[in-house]
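Per-entry structural report
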Amino acid sequence: MITLERLSKVYAGGGQPALDDVSLTVPDGAIYGILGRSGAGKSTLIRCLNLLERPTSGRILMHDVDITTLNHRELRLHRQRTGMVFQHFNLIHARNVADNIAVPLEIAGQPRDVRQARIAELLELVGLSDKAQAFPSQLSGGQKQRVGIARALAAHPDVLLCDEATSALDSETTASVLALLMDINRKLGVTIVLITHQLEVVKAICDHAALLENGRLVESGALSELLVKPYSRLRQALLPGNEAEKAFLRRIGVSGRVLCEVA
Ligand SMILES: Nc1ncnc2c1ncn2[C@@H]1O[C@H](COP(=O)(O)OP(=O)(O)OP(=O)(O)O)[C@@H](O)[C@H]1O
């Protein structure tokens, strides 16, 4: 379980907090989506979860340990247990697929034979067994993200943090990468926290969600509980009713006309 307790972040130079008193709980095994507009604080929040960004105040409990108090060595181990998937993949272009996936295993000091066995396992998991020797420039966006996911899983993390993992992909590729993440969650029991501005991502795979606005938490929890509340902001965003469709039909000038007749 990951628990954020009254987390705040003010960047150097002051100004409005990027995160303002945010508290939420991510249950073990959840696929937890963090939604919000540009500038809402999503990236800041996910970067706090592996301490790429230090919160100004508040606590982050992972398995009951406040990670903001870890020393250098403990933090390195924490990062091995927390895989990160990036929007623009962050692959090393001079390394082939297998050697990209090897990076966390090298950092963890794994011997060569262990690395090779793990890489073969991961390539099979992400469906790229035939691409071990390919270089990133020879891969499609979806394949690059599969390599990014394999690398993030290499050191057997129990949490996967996904930073807009599908935002650079077309809708068909997005669907296949989301299906892979769901499969990983089910097969390996890895907790997934993802930030996104795409409602479709939340609809496709999340069981929990949080909505951020100007650094503040508007709503959070299990979708099964939020979506039955009539005034839930997440419900209004995820289930807009037919208002959006009506607005679209009004804009193209077919509002009120019979769209198709059934014989
Ligand atoms: N390194 C930084 N230094 C100063 N301010 C920052 C820094 N990073 C983010 N901010 C500010 O913090 C606020 C939250 O930014 P953040 O990137 O977390 O939002 P976001 O929801 O991820 O936005 P986007 O979807 O556009 O990436 C914004 O006002 C942003 O300008």
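Keep in mind that what you see is a predicted model, and the values were worked out from it rather than measured.

Some remarks on the site of the ligand
Neighbouring the ligand are Y11, A18, R37, S38, G39, A40, G41, K42, S43 and T44. G41 places a main-chain nitrogen or oxygen 3.0 Å from an oxygen atom of the ligand. S43 is positioned such that a nitrogen or oxygen atom in its side chain is 2.7 Å from an oxygen atom of the ligand. Relative to its free-state accessible area of 630 Å², the ligand is covered by the protein chains to the extent of 52%. Across the shell around the ligand, the residue classes break down as three nonpolar, five polar and two charged.

Considering the sheet that holds strand β2 (residues 19–26)
Spatial ordering of the open sheet is given by β2-β1-β4-β5, a layout of four strands whose pairing is antiparallel. Whereas interior strands pair on both sides, the edge strands pair on one side only; in this sheet they are β2 and β5 (65–66). With five bridges joining them, strand β1 (residues 2–9) and β2 adopt antiparallel strand pairing. Residue pairing across strands places L7 opposite V22, the latter belonging to β2. Sitting on the sheet, helix α1 (residues 42–49) is in contact with β1, β2 and β4 (57–62), with an inclination near 125 degrees to β1.

What about the pattern of salt bridges?
Scanning the model with the defined rule gives nine salt bridges in all. Through salt bridges that share partners, K9, R47 and E53 make up one connected network.

Quick word on the UniProt feature "domain: ABC transporter" (unreviewed entry) in the protein chain
Using the residue numbers shown here, the UniProt feature "domain: ABC transporter" (unreviewed entry) corresponds to residues 2–239. Helix makes up 38% of residues 2–239 and strand 24%, and the two end C-alpha atoms of the span are 28 Å apart.

Observations regarding the sheet that holds strand β3 (residues 31–36)
What the six strands build is an open sheet, ordered β6-β7-β8-β3-β9-β10; its pairing is mixed. In the strand order of this sheet, the two ends are held by β6 (82–85) and β10 (216–222), each with one partner. With strand direction ignored, the average angle separating the axes of adjacent strands in the sheet is 15 degrees. Across six bridges, strand β9 (residues 208–213) lies against β10 in antiparallel orientation. Each bridged residue has a counterpart across the sheet, and for E213 the counterpart in β10 is R216. Strands β6 and β7 (159–163) of the sheet are contacted by helix α5 (residues 141–153), whose axis makes an angle of about 170 degrees with β6.

Description of the packing of α5 against helix α6 (residues 171–188)
Where α5 meets α6, the closest approach of the two axes is 10 Å, and the angle between their N-to-C directions is 20 degrees. On the basis of their axis angle, the class for α5 and α6 is roughly parallel. The handedness of the crossing between α5 and α6 comes out as right-handed. From α5, G142, Q145, R146, I149 and L153 reach across to α6, where they touch T173, S176, V177, L180, L181, I184 and L188. Among the residues making up the contact of α5 with α6, the classes are represented as seven nonpolar, four polar and one charged.

Definitions and limits used
- Residues numbered from 1 in each chain as written.
- Predicted model: local features only at pLDDT ≥ 70, side-chain atom pairs only at ≥ 80, totals over all residues.
- Heavy atoms only, no water.
- Near = heavy atom within 4 Å.
- Polar contact = N/O pair within 3.5 Å; in protein donor to acceptor, adjacent residues only side chain to side chain.
- Areas by Shrake-Rupley, 256 points an atom, 1.4 Å probe, with all protein chains shown as cover.
- Nonpolar A, V, L, I, M, F, W, Y, C, P; charged D, E, K, R; others polar.
- Pairing = 2+ DSSP bridges.
- Helix = DSSP H or I, 4+ residues; strand = E, 2+ residues; numbered from the N terminus.
- Contact = heavy atoms within 4.5 Å.
- Axes fitted to C-alpha atoms, helices over the stretch in contact; angles between N-to-C directions.
- Salt bridge = Lys/Arg side-chain N within 4 Å of Asp/Glu carboxyl O.
- UniProt positions renumbered as here; feature names shortened; annotations may be inferred.
- Parallel < 35°, antiparallel > 145°, perpendicular 65-115°, else oblique.
- Left-handed = near helix turned anticlockwise from the far one by under 90°.

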